[in-house]
Amino acid sequence: MDIPKLIAAQRAYFETGATHDIAVRRRALQALQASVRRHEEVLCSALRADLGKSAVESYMTEIGIVAGEIRFALRNLKRWMRPRRVPTPLFAWPARSRVRYEPLGVVLVVAPWNYPLQLTLLPLVGALAAGNCVVLKPSPGAPATAAVLSEIVGECFPEELVALVPHAPQAVEELLTQRFDHIFYTGGGTFGREIMVRAAERLTPVTLELGGKSPCVVGAEADLKLAARRIVWGKTLNAGQTCVAPDFLLVHESVCDRLLVELQRAVERQWGSDPRFAVDYPRMVDGAHARRVAELLSTAGGETVCGGEVLEEERYVAPTIVLNPDPQSRLMREEIFAPVLPVLTFAELSEAADALLAADRPLALYYFGDEREGRRLCERVPSGGVAFNDVVMQVSSRRLPFGGVGASGMGRYHGEASFECFSNCRSYFLGSKRFDLPLPLCALSQAAARLAAAADGLVAAQHGVRYVAVRDELDRAAVVAQLLLVDDVRIVPVNMTVDADDALHHRGDRPHVVRHHDDGHAAVQLLENAV
C-alpha cells in the first residue's frame, strides 16, 4: 500500500467538504452497522482463534459494544452537530456567540490486540460521527480478527474515507512519518511515548489510552462474597488481558483471610475445578505472553494461594492468587495483563492511599466497602475512572467518558466524548451591524469620569435593579463600557417612552438605561440579551 498516496487522497476528499454533511456521516455509520451485523459469526470465530474467547464473551465485550456505540451515535448525531449558543459579553452587544464541533481532517487510529474489534471500531465510530477521514492500523497480534476487519472496511467505505493498513514491516513507522490531524493510540506506555514524541514533531494532537496497574481496594465493610465474584469475573475476563482489569488487591487485614476463601470459591464457581478444561476459558494471545507471565510468577515471592499453572504451548495461565508478593518484584512493578491477582493488606485506609499515591496514576480505581470511605479514598488518589462495589463495568456506559490520567493516558472517548475527541471545538463570534460605537477611547474615558462625578444624580437602584440616566450618545457609550463587569445582564433594545418621574421605577428586574428628552419624557432602553 502506498501510504503517502493514500493520505493525500483522503486529505483531498476531506477538503471537498463532503464529510461536513450529516447525511454522509449517517450513511457511513449505517454501512458499518450493517456490515458488523453480517459478520457476527465470522468475528466470533476470529476472536476464538486469536484469544480463545467464547461467543458469549465475544458479543458481550466486542461486537455488542460496537453495535451499541453505532446506535448511540446515530441517535444523537444531529444534536451533537448542532451549533451551541453561549452568552455574549454585554460590551459586545448585540453580537452573538456560537460553538460548533467541526471535523479535524485525516486521523490515524492505532489499535491493540487484546480487544481487536472493539478498540479498532469504537474510535472509528467517533471519528466518522465527527466527519473525519480515517486510517486504521489494527494489531498484527490478532491476525484473524484483523483479516475480518479488513473485509468489513473494504466493503463499507471508499479508501478516501476509511482505509485499513495491513500488517507489514515498518508500517507503523511509515505512518508516523506522515502528517495527520489527530492520532488515537491504544496500547502500552512504551510505544505510547514513542508515538507522542513523533507526533510532537508535527504538533499533532494525540489521544493515548495506555492502561497501567489499576488497584482494587477492599475495605472492612465490604460484602466479601459479592466482591470476590466480581473481582474474579473482571480479572479472568479475556484471561486478564484487559486494560481496566483489577491488577492487584489491597485488602483490609481484618477481612483478608475470609476474602481469600471467597476468591477461591468464586474461581471454582465460574470456571470449575480445573479451568484448563473449561470450554470458554480464554487464552493468552501467544506463547511469548504466557512465558512472560511464568517469569513474573517465578520471581514474585510471597505465597501462591491457588493456581500458578502456566502452559506456554497451550497459551494457558490458570487463575492465580499470590499473597504478599515482593513489592519490588516485576509482578508488582509491571502491568500484569493475565489472570494473576496479587493480594496485599493494609490496616488503615490512609495507609492504602499513601501506597497508591507512590505509584503511577492508574486507568481505574476500584473500591469495595462503604461508599463514604471510598469517596474519601478517591479524593486523595487520582485515576482515570472509578467504580464502587464493581469492576470494569464503568467502561460499559456510553455516557461516561473513558480515558486515563498521567501515565495511564490522556484524552477521553466513548459516546459523545468520542465525537468531541475527534472534533475541533470552534468558536464563532457573530458581530452585528445594527449598533456601533465609533468613539475614541479617550472620549469614553472622559464621559465615564463625568458620569462618575455626577453618580448621585445619574445612578439609582430600586428592587435590586440598576438605572442610569444619560444625556447623549457619548454618555450612553460610557455606561455600556462601565457595565462591562456587571454579571447576568442581557441586552436587546426595546424602546418605550415614560414620564421622567417613572424613570427609576422597577421594570422587570433588569437594568435600564434612561435617556432624557427636552419634553420631559424619557426613552427607556431595556437591556436584555447578553452575559
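Only a predicted model underlies this, so the values are computations on that prediction, with no experimental measurement involved.

Visitor: Help me understand the packing of helix 4 (residues 55–81) against helix 5 (residues 118–129), please; the structure alone is not making it clear to me.
Guide: For any two helices packed against each other, one specifies the crossing angle of their axes together with the interaxial distance. One way to put it is that helix 4 packs onto helix 5 with a least axis distance of 9 Å and a crossing angle of 5°. Looking at the two axes, helix 4 sits roughly parallel to helix 5. Residues Thr61, Glu62, Ile65, Val66, Glu69, Ile70, Ala73 and Leu77 of helix 4 pack against Gln118, Leu121, Leu122, Val125 and Ala129 of helix 5. Of the residues that constitute the contact of helix 4 with helix 5, the class distribution is nine nonpolar, two polar and two charged.

Visitor: Just to check I follow, could you spell out the pairing of strand 2 (residues 96–103) for this structure?
Guide: The side chains of a regular strand alternate between both faces of the sheet. Burial analysis of strand 2 places six of its eight residues in the buried class, the great majority of the element. Bridge count between strand 1 (residues 84–86) and strand 2: three bridges; the pairing is antiparallel. Bridging from a neighbouring strand, Val86 pairs with Ser97 of strand 2. Pairing of strand 2 with strand 18 (residues 423–430), which is carried by eight bridges, proceeds in the antiparallel orientation. Paired with Arg96 across the strands is Leu430, a residue of strand 18.

Visitor: Would you mind showing me how to read a positive patch on the surface here?
Guide: Taken together, the side chains of Arg37, Arg71, Arg75 and Arg399 define a basic patch exposed on the protein surface. The residue Arg37 is located in helix 2 (residues 22–38) in this model.

Visitor: Would you mind showing me how to read unusual backbone geometry here?
Guide: Excluding glycine, residues mostly carry a negative phi; peptide bonds, for their part, are mostly trans. Even without being a glycine, Leu203 presents a positive backbone phi close to 55°. Tracing the backbone shows Leu203 in the loop between helix 8 (189–201) and strand 7 (206–209). Positive phi outside glycine occurs at Phe337, with the angle close to 55°. With respect to the element layout, Phe337 can be found in the loop between helix 12 (330–333) and strand 14 (340–346).

Visitor: Please clarify how the nonpolar core should be interpreted in this entry.
Guide: Most often, soluble globular proteins have nonpolar side chains that are buried together. Counting residues in each nonpolar core, the largest one holds 103 residues, and the members touching the most others are Phe157 and Leu263. Apart from the residues lying within four places of it in its own chain, the contact partners of Phe157 are Ala28, Leu32, Leu124, Leu128 and Val162.

Visitor: I would appreciate a short explanation of the environment of Arg333 in the present structure.
Guide: Within the fold, Arg333 resides in helix 12. Spatially, the C-alpha atom of Arg333 lies 8.3 Å from that of Lys213, the residues being 120 residues apart in sequence. Once residues within four sequence positions are removed from consideration, Arg333 is found in contact with Lys213, Pro327 and Gln328. Among the polar contacts made by the side chain of Arg333, one reaches the main-chain carbonyl oxygen of Gln328 at a distance of 2.8 Å.

Visitor: Is there a simple way to explain the packing of aromatic side chains in this structure?
Guide: Summed over all chains, the structure comprises 11 aromatic pairs. Here the aromatic rings of Tyr101 and Phe419 are separated by 6.0 Å at their centres, their planes lie at 55°, and the arrangement is tilted. Residue Tyr101 is found in strand 2, and its partner Phe419 is found in helix 15 (residues 416–421); the two are separated by 318 residues along the sequence. Three or more aromatic residues link up through ring pairs in this structure, and these residues are Phe72, Trp80, Tyr101 and Phe419. Here the guanidinium or amino end of Arg100 rests over the ring plane of Tyr428, the centre of that ring lying 5.9 Å away.

Visitor: Even after reading the chapter, I still don't get the sheet that holds strand 14, so can you show me in this structure?
Guide: To summarise the sheet geometry, strands pair through backbone hydrogen bonds and adopt either a parallel or an antiparallel arrangement. An order of 10-13-14-9-8-15-16 is seen for the seven strands of this open sheet, with the pairing classed as mixed. Two strands in the sheet have a free side with no partner beyond their single neighbour: strand 10 (303–306) and strand 16 (385–388). Direction aside, neighbouring strands of the sheet carry axes that sit 25° apart on average. As judged from the three bridges shared by strand 10 and strand 13 (residues 320–323), these two strands associate in the antiparallel manner. By the bridge assignment for strand 13, Glu303 is matched with Leu323.

Visitor: Mind showing me how you'd approach the sheet that holds strand 4 (residues 133–137) here?
Guide: Pairing in this open sheet of six strands is mixed, and the strands run 5-4-3-6-7-17 from one edge to the other. Whereas interior strands pair on both sides, the edge strands pair on one side only; in this sheet they are strand 5 (162–164) and strand 17 (409–410). The sheet contact formed by strand 6 (residues 182–186) and strand 7 spans four bridges and is parallel. Residue Thr186 lies in a different strand from strand 7, and its bridge partner there is Glu209. Here helix 1 (residues 3–14) sits on the sheet and contacts strand 3 (106–110), strand 4 and strand 5; the angle it forms with strand 4, its principal contact strand, is near 155°. Each of strand 3, strand 4, strand 5 and strand 6 is contacted by helix 5, which is oriented at about 170° to strand 4, the strand it contacts most.

Visitor: Help me understand the environment of Asn389 in this model?
Guide: With respect to the helices and strands, the residue Asn389 is situated in the loop between strand 16 and strand 17. With relative accessibility at 25%, the residue Asn389 sits in the partly exposed group. For Asn389, the residues in contact, after removing those within four places along its chain, are Arg230, Tyr367, Phe368 and Gly369.

Visitor: Would you mind going over the confidence of the model for the protein with me for this structure?
Guide: One rule of thumb: low pLDDT means the predicted coordinates there are not for detailed reading. In this model, the protein carries an average pLDDT of 86, and 82% of its residues clear a pLDDT of 70 or more. Segment residues 455–471: pLDDT under 50, and 49 contacts once partners within four positions in sequence are set aside and those in other chains are kept. Confidence drops under pLDDT 50 across residues 483–531; counting only partners more than four residues distant or on other chains, this segment forms 115 contacts.

Visitor: Help me out: how do you make sense of empty space enclosed by the protein in this one?
Guide: Over the atoms, a rolling probe the size of a water molecule traces out where space has been left empty. Under the counting rule described, the total for this entry stands at five cavities of 30 Å³ or more. Lining of the largest cavity is provided by Val232, Lys235, Thr236, Leu263, Val267, Pro319, Thr320, Ile321, Pro339, Val340 and Leu341. Looking at the lining of the largest cavity, the elements with two or more residues in it are helix 9 (224–236), helix 10 (256–271), strand 13 and strand 14. It is helix 9 that provides the largest number of residues to the lining of the largest cavity, a total of three residues. Along the lines of polarity and charge, the residues of the lining of the largest cavity split into eight nonpolar, two polar and one charged.

Visitor: What should I look at first to understand the pattern of salt bridges in this one?
Guide: Where charged atoms of side chains with opposite charge meet at close range, the side chains can pair. One pass over the full model with this rule turns up 24 salt bridges. Across the salt bridge formed by Glu201 and Arg198, the nearest N and O atoms sit 3.9 Å from each other. Note that Glu201 and Arg198 are positioned in helix 8 at a spacing of three residues, about one turn of the helix. By relative accessible area, which is 59% here, Glu201 ends up exposed. If you follow the salt bridges from partner to partner, you end up with Arg79, Arg84, Glu416 and Glu420 in one network.

Cut-offs used in this document
- Counting restarts for each chain: residues are numbered from 1 in the order of the written sequence.
- Only residues with pLDDT of at least 70 are given local features in this predicted model, and only at 80 or more are side-chain atom pairs given and counted; all residues enter the totals for whole chains, interfaces and linings.
- As a convention, hydrogens and water are excluded, and side-chain values are obtained from all of the structure's heavy atoms.
- Convention adopted: a line fitted to C-alpha atoms gives each axis, helices being fitted over their contacting stretch, and angles between N-to-C directions are expressed from 0 to 180 degrees.
- A run of H or I in DSSP counts as a helix once it spans at least four residues, and a run of E counts as a strand once it spans at least two, with each numbered from the N terminus.
- Every angle not falling under 35 degrees, over 145, or within 65 to 115 is termed oblique; those three ranges are roughly parallel, roughly antiparallel and roughly perpendicular.
- Any two residues whose heavy atoms approach within 4.5 Å at even a single point are treated as in contact.
- Only Asp, Glu, Lys and Arg are considered charged, only Ala, Val, Leu, Ile, Met, Phe, Trp, Tyr, Cys and Pro nonpolar, and every remaining residue, Gly among them, polar.
- Here's how the labels work: a residue is buried when its accessible area is under 20% of the maximum for its type, exposed when over 50%, partly exposed in between, all with a 1.4 Å probe on protein chains only.
- Strand pairing is defined by DSSP finding a minimum of two bridges between the two strands.
- The patch calculation keeps residues exceeding 30% relative accessible area without a salt bridge and links them within 9 Å when they carry like charges or within 5 Å when they are nonpolar (Val, Leu, Ile, Met, Phe, Trp, Tyr).
- All accessible areas in this document rest on Shrake-Rupley with a 1.4 Å probe, and a residue is counted as covered only by the protein chains that are shown.
- Here, a salt bridge means any Lys or Arg side-chain nitrogen found within 4 Å of an Asp or Glu carboxyl oxygen.
- Neither His nor the chain termini are counted; the positive set is Lys and Arg, and the negative set is Asp and Glu.
- For charged residues, the charge sits on one atom: NZ in Lys, CZ in Arg, CG in Asp, CD in Glu.
- Think of a nonpolar core as a cluster: buried Ala, Val, Leu, Ile, Met, Phe, Trp, Tyr and Cys residues, connected wherever their side-chain atoms sit within 4.5 Å.
- Pairing of N or O atoms within 3.5 Å defines a polar contact, subject to two protein rules: one partner must be a possible hydrogen donor and the other a possible acceptor, and residues neighboring in sequence count only if both atoms are side-chain atoms.
- Pairing of aromatic side chains here covers Phe, Tyr and the six-membered ring of Trp, requires ring centres within 6.5 Å, and sorts the geometry by plane angle: under 30 degrees stacked, over 60 edge-to-face, intermediate tilted.
- Only when the NZ atom of a Lys or the CZ atom of an Arg is both within 6 Å of the ring centre and within 35 degrees of the ring normal do we say a charge sits over the ring.
- Per residue, pLDDT captures the predictor's confidence, and it can take any value from 0 to 100.
- Method remark: on a 1 Å grid restricted to protein atoms, a set of points is classed as a cavity if a 1.4 Å probe fits but cannot get out and as a pocket if it is open with protein on both sides within 12 Å along at least five of seven lines; lining residues have an atom within 4 Å of a point.
- Grid points are joined across faces, edges and corners, and a volume is the space filled by probe spheres set on the points.

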